[in-house]
Amino acid sequence: MKHSVSIEIGGRTLTLETGRVARQASGAVTVQYGDTVVLVTAVASKEPIEARDFFPLLVDYREKSYAAGRIPGGFFKREGRPTEKEVLSSRLIDRPMRPLFPKNYRKEVQVIATVLSSDQENDSDVLALIGTSSALMISEIPFHGPVSALRIGAKDGSFMINPTFKELETSDLDIVVAERDGSVVMVEGAAKDVPESLVLGGLRTAIELTSKINQLQIELARAVGKPKEEVPPEETNVELESAVRGFAEKKIGEAIRIPDKEEREEAISSIQEETVGALSERYPEREALVRASVLEIERTTLRDMILKEGKRADGRRSDEIRSISCEVGVLPRTHGSAIFTRGQTQCLAVTTLGTSTDEQRVEELEGRSWKSYMLHYNFPPFSVGEVKPMRGPGRREIGHGALAERAIQPVLPDDNVFPYTIRIVSDILESNGSSSMATVCGGSLSLMDAGVPIKAPVAGIAMGLVKENEQVAILTDILGVEDHLGDMDFKVAGTRNGITAFQMDVKIPGIGFDLLESALEKAREARLFVLGEMEKVIGNPRGDLSPYAPRIIVIQVAQEKVKDIIGPGGRMIRKIIEETGAEIDIEDNGEVKIAAYTAEGGERAVEIIKGITDDPEVGKLYQGKVRKIMEFGAFVEVTPGRDGLVHISELDVHRVKRVEDVLKEGDTVLVKVIGIDKDGKIKLSRKAALSPEGAKKG
C-alpha cells in the first residue's frame, strides 16, 4: 500500500514514499527533495553467512544518466563502473549505518541507492543516506535506527541548510552531519580554513533539524513497517570464556604493551593459537568461540589500560604524539617529493606539475567539469606486511585520497597566479594508524618542495575515543589497534589558522557535543605541534620550480590575432610547437599559455607569437629570413607569416645589378621597415639597416 510522509527542510519539501515501486525488496523508499529523486532498497539474504570479523553490509550508490536528461559517453553508451562520486557516496551511507546492526546478526544486507531524477541543484547523497535508514526502518531487518543527515554550508557567519551546488561555490563550509537520537554518528566535510567554533555551530544547527527527519522516519515505520526479525542471542559459554581468561588473560596483558606493531600482533596471534591448542580437547569444535574470546580479552585489556592506567599500547600518554620525521627533495627527478613518518606510519608524497592538457575531465549529473588538482592515495599490501593482489584503488583508497585532497585544496594558489595542473600521489610505505593524515602532511611538504606557492602548510591528525559508561579517554594520534578496538576515528586537518577538512566515524550509537568540542580542541593543539615539526624542515615553498617541471608563460594577445597564431589548418601553431618543443594552449579571449620544459623553448615561443601578433612598425629593425628572390627584389619574412619587399634599390648602399649578388633564399638578413601602404604591404630596406644613420634612426 502506497504511503508517504513529508516535512519542510531548508525551504524545500522532503518526502519519503513507499509502497509504489520495488515491492519485493525487504524495504524500499523513494526520497524526493526539490526535483531530485532517489530510490533506496534494502534486502537481507535468506540465510546467515559464515562468521566474519566484520558485518556483511554492502552499500551501492549509483547515478543514472537519464536522471539529468543525459546519454552516457563512451562506446557502450551505458553506465559503467562506479565514478569517484558514486564510491564516495556509498561510503558516506555505509559508515553511519554499519555500527547500528545487532552485533550477532549474520545475514548479508545489501543497500542499493539509485538516483532517478536530478534537478542539478540538490545533491542526492544526503537523500540516499536518509532513504537507506528509512528502507531499513520499514523492513524486517533488525536495525537500531533511525539515522538522518543534512548538508550544512556557511556564508558570512550564517548557516545554510542543504545548500545547492551553486551556493556551495561560495560557502565556507561543506559538511554532512549524520545524527541518531541527539548524538552525532558521522561527520564528513571540507572547510575554507575556518575556526573550530564555526564547525561546532554547523553541527549544532544540523542536529536540531535531523531530529525532525528521524521523527518522520519513525512515523513512516509505524504506518507501514514490517515486524522486525528476531535475532538469536549471541552464543556464550561462561565456562569456556573463564577457561580462556585463565589461560590467556595474563599473557595478553603483557603482549598488549609491546610498542612495536608487528611484534605485538605476532605475540597476540601466538597466544591465540596456543589457547586454541590448549583447549581443543576440552572444548572440541569450539575453535571460533575460543578465538573470539581471546580477541575480546585483547579489547577489554587495552581499553582498561587506557581508562584506568592512562597508558596506551605503545606506552604513550593519551595526548602524546609519536615521533615525527620529515624529509623533502628525496627523489632526484620528480618536481617535488617528501617522506613524512609518524611512528610506524610512513607516506611518500610526490607532486607533479602539468599543463592544462593534463586536467581531468569529470562527467557528473551536474554536467561536465575539469579538475586541475588531484590527489591519489595508494595503500600497497607491503605497508602492513601482507600479501594481496593489486587490482587498482578500492573504496578505502578512493575515500582516503578524497579526504586528503579536500584538506589541501583551500591553500592552493589561484589559477591566474599559478596556471598549472597539480597532481599529488601518496604511496603509503608503512601503516599503523592514520595514513590519510600522513598523506595530508606529506602532500603539503611535497608541494612546498615543488615550489608551489601554497598559502600555508596543512597538517592532519587522527583522534580516538575509549568510552565505558562515564569513563572517557580522548586519544591523540591513534594507532591502528586503537582505531580497531576503540570507539571513534576523528580525522582533522588544517593550517595554523583553522580547519580545512575532517571526517568522523564512531562505533558506538553516537557522541555528544562536549566530547566533540574537546576532541576538536585537542586536535587543534596536535595539529599545531605537527606543523611545527614540518616547518623545521621546510617552512615556505621553494622560490624556484624544479628544473624538470614545465615553465608556463601566460601572454595576452588581441582576440582577432588568435586565428593568425593558429594559421590555416593549424599549420602555424604546429610549426611553433615543432620548432620550440613547447605546448601551447589558446583561449578564445586571446589568453595564450605556453608550457616549455626549457627556458630557451619558452622564450622562443613567446618571441614567435609576439612576432605574429605584433604589427611591424615603421622605422623598426627586424632580423628576417629571405623567402623568395625576384628580379626586382627579395621578399623577407620579418615576423612569422608576414613578408615585406626589399626592392633591389634598397639592397645595399651601392648599386646592385642582380639580387642574387647580395641575397639568396634562406639567408637571414637585418632589414628596416620604411613604409606600410594602405593595403598593409610592407616596404623594407637593407640599405637603411646597414648605414649608421639608418640603424641609429631604427
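Everything numeric in this text was worked out from a predicted model, so none of it was measured.

(A) The arrangement of the overall build of the chain in detail. Scanning the chain from terminus to terminus reveals 16 helices and 29 strands. Its C-alpha atoms give the chain principal-axis dimensions of roughly 120 × 60 × 45 Å. Taking all 698 residues of the chain together, the buried fraction comes to 52%. Considering only contacts within the chain whose residues lie at least 6 apart along the sequence, 69% involve residues at least 24 apart. About 33,200 Å² of surface is accessible on the chain, with carbon and sulfur atoms providing 49% of the total. Charge centroids of the chain, computed over 93 positive and 111 negative side chains, lie 4 Å from each other.

(B) Representation of the pairing of strand β13 (residues 345-354) within the structure. Within β13, eight of the ten residues are buried, leaving the element largely enclosed by the surrounding structure. Pairing of strand β12 (residues 336-342) with β13, which is carried by seven bridges, proceeds in the antiparallel orientation. Of the residues in β13, the one forming a bridge with Arg 342 is Thr 345. Taken together, β12 and the strand that follows it, β13, pair antiparallel across an intervening segment of two residues, in which Gly 343 is found at a positive phi of about 60°. Of the pairings in the sheet, the one linking β13 to strand β17 (residues 421-430) comprises nine bridges and is antiparallel in character. In the strand pairing of β17, Leu 353 is matched with Ile 422.

(C) Representation of the packing of helix α1 (residues 84-97) against helix α2 (residues 125-138). At a minimum axis distance of 10 Å, the contact between α1 and α2 shows a crossing angle of 40°. Where α1 crosses over α2, the handedness of that crossing is right-handed. Across the interface between the two elements, Lys 85, Ser 89, Leu 92, Ile 93, Pro 96 and Met 97 of α1 pack against Asp 125, Ala 128, Leu 129, Thr 132 and Ser 133 of α2. Looking at the contact of α1 with α2 residue by residue, the class counts come to six nonpolar, three polar and two charged.

(D) Representation of the side chain of Asn 432. Topologically, Asn 432 is positioned in the loop between β17 and α9 (435-450). Among the polar contacts made by the side chain of Asn 432, one reaches the main-chain amide nitrogen of Gly 480 at a distance of 3.1 Å. For Asn 432, the contacting residues outside a window of four places in its chain are Lys 261, Arg 264, Arg 322, Gln 344, Thr 345, Ile 478, Leu 479 and Gly 480.

(E) A negative patch on the surface, seen in detail. On the surface, a cluster of negative charge is contributed by Glu 262, Glu 263, Glu 265 and Glu 266. The topology assignment puts Glu 263 in helix α6 (residues 261-279).

(F) A look at the packing of aromatic side chains. On inspection of all chains with the given rule, the structure shows six aromatic pairs. Taken together, the ring pairs in this structure connect Phe 55, Phe 101, Tyr 105 and Phe 143 into an aromatic cluster. In this structure, Lys 251 packs its charged tip against the face of Phe 247, placed 4.2 Å from the ring centre. Over the face of the ring belonging to Phe 379 we find Arg 396, whose NZ or CZ atom lies 4.2 Å from the ring centre.

(G) Inspection of the pattern of salt bridges at higher detail. Within this structure, the stated rule accounts for 48 salt bridges. One salt bridge in this structure joins Lys 2 and Glu 17, with 3.9 Å as the shortest N-O distance. On the criterion of sequence distance, the pair formed by Lys 2 in the segment before β1 (3-9) and Glu 17 in strand β2 (residues 12-18) is long-range, its members being 15 residues apart. Residue classification places Glu 17 among the buried residues on the basis of a relative accessible area of 13%. A salt bridge links Glu 535 to Arg 496, with the shortest nitrogen-to-oxygen separation between them at 3.0 Å. Taken together, the positions of Glu 535 in helix α11 (residues 513-535) and Arg 496 in the loop between β20 (488-494) and β21 (499-506) put the pair 39 residues apart, joining distant regions of the chain. When its relative accessible area of 30% is taken as the criterion, Glu 535 is described as partly exposed.

(H) Representation of helix α14 (residues 599-613). In a regular helix each residue adds 1.5 Å, so 15 residues correspond to 21 Å; α14 covers 21 Å between its end C-alpha atoms and thus fits that length. Those residues of α14 that sit buried are Gly 601, Gly 602, Ala 605, Val 606, Ile 608, Ile 609, Gly 611, Ile 612 and Thr 613.

(I) Molecular detail of empty space enclosed by the protein. Under the counting rule described, the total for this entry stands at three cavities of 30 Å³ or more. Reported here for the largest cavity is a volume of approximately 70 Å³. Around the largest cavity, the lining residues are Arg 12, Tyr 33, Asn 122, Asp 123, Asp 125, Val 126, Leu 127, Arg 151, Asn 162 and Pro 163. The leading source of residues in the lining of the largest cavity is α2, at three residues. Grouping the amino acids of the lining of the largest cavity by side-chain chemistry returns four nonpolar, two polar and four charged. In this structure, the second largest cavity encloses a volume near 40 Å³. Contributing to the lining of the second largest cavity are Thr 36, Glu 63, Lys 85, Val 115, Ser 118, Asn 122, Asp 123, Ser 124, Phe 165, Leu 365 and Glu 366. Here the lining of the second largest cavity is built from residues that sort into three nonpolar, four polar and four charged.

(J) Representation of the sheet that holds strand β16 (residues 373-378). What the five strands build is an open sheet, ordered β11-β12-β13-β17-β16; its pairing is mixed. Since the sheet does not close on itself, it has two edges, and those belong to β11 (324-328) and β16, each with one partner. Across the sheet, the axes of successive neighbouring strands diverge by a mean angle of 15°, strand direction being ignored. Summarising the sheet, β11 and β12 pair through five bridges and their orientation is antiparallel. Residue pairing for β12: Ile 324 is matched across the bridge by Arg 342. Contacts from helix α8 (residues 395-408) reach β16 and β17 within the one sheet, and its direction differs from that of β16 by about 140°. The sheet strands contacting α9 are β11, β12, β13, β16 and β17, and the helix crosses β12 at an angle near 145°.

Cut-offs and rules
Residues numbered from 1 in each chain as written. Predicted model: local features only at pLDDT ≥ 70, side-chain atom pairs only at ≥ 80, totals over all residues. Heavy atoms only, no water. Helix = DSSP H or I, 4+ residues; strand = E, 2+ residues; numbered from the N terminus. Buried < 20%, exposed > 50% of the residue type's maximum accessible area, 1.4 Å probe, protein only. Contact = heavy atoms within 4.5 Å. Areas by Shrake-Rupley, 256 points an atom, 1.4 Å probe, with all protein chains shown as cover. Lys, Arg positive; Asp, Glu negative; His and termini not counted. Charge placed at Lys NZ, Arg CZ, Asp CG, Glu CD. Pairing = 2+ DSSP bridges. Axes fitted to C-alpha atoms, helices over the stretch in contact; angles between N-to-C directions. Left-handed = near helix turned anticlockwise from the far one by under 90°. Nonpolar A, V, L, I, M, F, W, Y, C, P; charged D, E, K, R; others polar. Polar contact = N/O pair within 3.5 Å; in protein donor to acceptor, adjacent residues only side chain to side chain. Patch = residues over 30% accessible without salt bridge, like charges linked within 9 Å, V, L, I, M, F, W, Y side chains within 5 Å. Salt bridge = Lys/Arg side-chain N within 4 Å of Asp/Glu carboxyl O. Phe/Tyr/Trp six-rings, centres within 6.5 Å; stacked < 30°, edge-to-face > 60°. Lys NZ or Arg CZ within 6 Å of the ring centre and 35° of its normal. Expected span 1.5 Å × (residues − 1). 1 Å grid on protein atoms, 1.4 Å probe; cavity = no way out; pocket = protein on both sides within 12 Å on 5 of 7 lines; lining within 4 Å. Points joined across faces, edges and corners; volume = space filled by probe spheres on them.

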